[in-house]
Amino acid sequence: MAHDHHHDHDHSELGEMDLRVRALQTVLAQKGYIDPAALDVLIDTYQTKIGPRNGARVVAKAWAEPAFADWLKRDATAAIASLGYTGRQGEHMVALFDTPEEHHMVVCTLCSCYPWPVLGLPPTWYKSAPYRSRAVRDPRGVLADFGVTLPEATRIRVWDSTAEVRYLVIPKRPAGTEGLNEDELAALVTRDSMIGTGLPKRPAEAA
Amino acid sequence: MSYTTHADLGGREGFGRVVPEPEGELWHAAWEPKALALTLAMGATGSWNIDASRSARETLPDYAALSYYQIWLAALARLMIERGLVTEGELAEAQVHLAPKPLARLLRAADVPAVLARGSATERPATTAARFAVGDRVRTRAGRVDHHTRLPGYAAGRVGTVERVHGTHVFADTNAQGLGEQPQWLYAVRFDGRELWGDEAQPGLSVSIDAWDDYLERV
């Protein structure tokens, strides 16, 4: 493999990008267009506060409380806001409930629309050409890339986020979780299971 | 000048397999978090809307060759240069040559949590009754348009069923062009896999898009 070559190439590329971003920040700060301290708060927010554990709490509550699940079905934006998850790229939410007959998968073929308040920043693959091109045409092939095989009889329902509505998949509650509390349930919920490219963990896998 | 998007990828072939990624892996280069933050901070100044920024990204000539945050940065520079906020020379030399222009807003550090939590809702009060109801059969627009649009190519000229009525939302097509919000009814329209992909469609597949009223006609 030309591994060393790639390595060197990446480094020179990074250096150039680092310089460009630094120049951009310098100019914008000197012009007074940005507050440099706001950049740190923005980065910290998406690194430590807003991520897929938020969505996992929504799913766990939906599994644990039928009344909350009903609210999610009727008005996902309000139900999710009741847990404190609101705002940018999640202004208009719809919850998609998986059933034994139907599996939901979410994509944005045109860019990278994604429900930030509940899932945080989209993973690289979600923004990539392979996922955006194939999810709507070959979802079973995409699932295979994630190591997931669904029964042949399961219908696959793909939602292309082409406007400002954002979709959150509520996967099926795994078997053998009857005695678990909400925290334990949330630990089973993976990010990918809330996009539809994965399944929740089973209790034995969560430890 | 005809409008060309490089971002309409749905259904295209030859991009290879999807590479999964662990949940906590957010960045792949040291400059990426700054690129994100600069883009969000400048977006918050109100100098353009989200549809204009999507339009600036999808029409970058080298879109396919750039990583995602490179696309964001290139589009950010373009939006600012087009509006006279910065010059190419300033960005190249990391030096200010032109006096700053007044902006509508500045995103201060203390306001970040509230600004993110508020977001920018796109639903507007309805002024008309919805033209379509759940269960109605509709056909999407078949022809090309010469501007930013959110009707993906693979779903153009196809017959589907209205599955949800989302309310009245800012119309991306006009908003991106600076022609105003012109809110319209927005629907989730579901297509059978065979309508999109013919006989090669995977059994049991259906796909929906969110489509504004202008994209649709009754069947």
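Scoring rules and cut-offs
Residues numbered from 1 in each chain as written. Chains lettered and ligands numbered in written order. Predicted model: local features only at pLDDT ≥ 70, side-chain atom pairs only at ≥ 80, totals over all residues. Helix = DSSP H or I, 4+ residues; strand = E, 2+ residues; numbered from the N terminus. Buried ≥ 20, exposed ≤ 12 C-beta atoms within 10 Å, placed from the backbone. Contact = placed C-beta atoms within 7 Å. Domains from an automatic or database assignment. Nonpolar A, V, L, I, M, F, W, Y, C, P; charged D, E, K, R; others polar. pLDDT = per-residue confidence, 0-100. Axes fitted to C-alpha atoms, helices over the stretch in contact; angles between N-to-C directions. Parallel < 35°, antiparallel > 145°, perpendicular 65-115°, else oblique. Left-handed = near helix turned anticlockwise from the far one by under 90°. Expected span 1.5 Å × (residues − 1). Pairing = 2+ DSSP bridges. Core = buried A, V, L, I, M, F, W, Y, C linked by C-beta atoms within 7 Å.

Enquirer: Where do I start with the overall build of chain A in this structure?
Expert: From N to C terminus, chain A includes 12 helices and 4 strands. Looking at the 207 residues of chain A, the share that counts as buried comes to 50%. A sequence separation of at least 24 residues applies to 71% of the contacts in chain A between residues at least 6 apart.

Enquirer: It is not clear to me how the domain arrangement of chain B should be interpreted in this structure. Could you clarify?
Expert: Often, the extent of an interface is quoted as the loss of accessible area on bringing the components together. Residue and element names in this part refer to chain B. Here chain B is partitioned into domain 1 (32-118) and domain 2 (123-218). Here the C-alpha centre of domain 2 lies 29 Å away from the C-alpha centre of domain 1. Contact with domain 1, which involves 5 residues of that partner, is made by 5 residues of domain 2. Considered class by class, the residues forming the side of domain 1 that touches domain 2 number 1 nonpolar, 2 polar and 2 charged.

Enquirer: Mind showing me how you'd approach the confidence of the model for chain A here?
Expert: In regions of low pLDDT, the predicted coordinates are not meant to be interpreted in detail. When pLDDT is averaged across chain A, the result is 93; 93% of the residues are at 70 or more. Taken as a whole, residues 1-9 of chain A scores under 50 in pLDDT and shows 0 contacts with residues more than four places along the chain or in a different chain.

Enquirer: For this particular structure, what's the right way to read the packing of helix α2 (residues 36-49) of chain A against helix α1 (residues 32-43) of chain B?
Expert: A pair of packed helices can be characterised by two numbers: the angle between their axes and the separation between those axes. Interhelical geometry of α2(A) versus α1(B) gives an angle of 115° and a closest axis separation of 9 Å. Here α2(A) is positioned roughly perpendicular relative to α1(B), judged by the angle of their axes. Along this stretch, α2(A) crosses α1(B), giving a crossing that reads as right-handed. Residues Ala38(A), Leu39(A), Leu42(A) and Ile43(A) of α2(A) form the contact with α1(B), whose participating residues are Pro33(B), Lys34(B), Ala37(B), Leu38(B), Leu40(B) and Ala41(B). When the residues that make up the contact of α2(A) with α1(B) are grouped by side-chain class, the tally is 9 nonpolar, no polar and 1 charged.

Enquirer: Explain helix α3 (residues 68-82) of chain B here, please?
Expert: Every α-helical turn comprises 3.6 residues, leaving residues that sit three or four positions apart pointing alike. Residues and elements named next belong to chain B. Taking 1.5 Å of rise per residue, 15 residues should cover 21 Å, and α3 covers 21 Å from first to last C-alpha, within 8% of that figure. Where α3 is concerned, the buried positions are Tyr-69, Gln-70, Ile-71, Trp-72, Leu-73, Ala-75, Leu-76, Leu-79 and Met-80. Two residues or fewer past α3, Gly-84 is found with a positive phi of approximately 70°.

Enquirer: How do you make sense of the domain arrangement of chain A when you look at a structure like this?
Expert: Domain boundaries in chain A define domain 1 (3-48) and domain 2 (51-206). For domain 1 of chain A and domain 2 of chain A, the distance between their C-alpha centres works out to 31 Å.

Enquirer: Mind showing me how you'd approach the interface of chain B and chain A here?
Expert: On the chain A side, the residues contacting the 69 residues of chain B number 70 residues. Contributing elements (two or more residues each) for the side of chain B that touches chain A: α1, α2 (50-58), α3, α4 (88-93), α5 (112-118), β3 (159-169) and β5 (205-212) of chain B. Looking at which element gives the most residues to the side of chain B that touches chain A, the answer is α1(B), with 8 residues. Considered class by class, the residues forming the side of chain B that touches chain A number 41 nonpolar, 14 polar and 14 charged. Here strand β3 (residues 155-160) of chain A runs beside β5(B); their pairing, made up of 5 bridges, is parallel. In the sheet register, Trp159(A) faces β5(B), and the bridge partner there is Ser208(B).

Enquirer: Sorry if this is basic, but what is going on with unusual backbone geometry here?
Expert: Negative phi values dominate among residues other than glycine, just as trans dominates among peptide bonds. The residue Gln89(A) is not glycine, and still its phi comes out positive at about 65°. For Gln182(B), which is not glycine, the phi dihedral falls at a positive 35°. Among the secondary structure elements, Gln182(B) is positioned in the loop between α6 (172-176) and β4 (184-192).

Enquirer: Help me understand the environment of Arg118(B), please; the structure alone is not making it clear to me.
Expert: Residue and element names in this part refer to chain B. Residue placement: Arg-118 occurs in helix α5. With 13 C-beta atoms counted inside 10 Å, the residue Arg-118 sits in the partly exposed group. Linking Arg-118 and Arg-137, residues 19 residues apart in sequence, is a C-alpha distance of 36 Å.

Enquirer: I'm lost on the nonpolar core in this one. Help?
Expert: One recurring pattern in soluble globular proteins is that nonpolar side chains are buried together. The biggest cluster of nonpolar side chains holds 113 residues, and the ones touching the most others in it are Val59(A), Leu168(A), Leu38(B) and Ala41(B). In terms of residue count, α3(B) provides more of this core than any other element does, 8 residues in total. In contact with Val59(A), other than residues within four places in its own chain, are Ile170(A), Pro171(A), Val189(A) and Met194(A).

Enquirer: Before we go on, may I ask you to explain the pairing of strand β1 (residues 92-97) of chain A in this structure?
Expert: One face of the sheet, then the other: side chains in a regular strand alternate in exactly this way. Residues and elements named next belong to chain A. With 5 of 6 residues buried, β1 lies mostly within the body of the structure. The pairing of β1 with strand β4 (residues 165-170) spans 6 bridges and is classified as parallel. Paired with Met-93 across the bridge in β4 is Arg-166.

Enquirer: Help me understand the environment of Asp173(B), please; the structure alone is not making it clear to me.
Expert: All names here are of chain B. Topologically, Asp-173 is positioned in helix α6. Under the C-beta neighbour-count criterion, Asp-173 is labelled buried, with 20 such atoms within 10 Å. Residues Asp-173 and His-147 lie 26 residues apart in sequence; the distance between their C-alpha atoms is 7.1 Å. Setting aside chain neighbours within four positions, we find Asp-173 in contact with His-147, His-148 and Thr-149.

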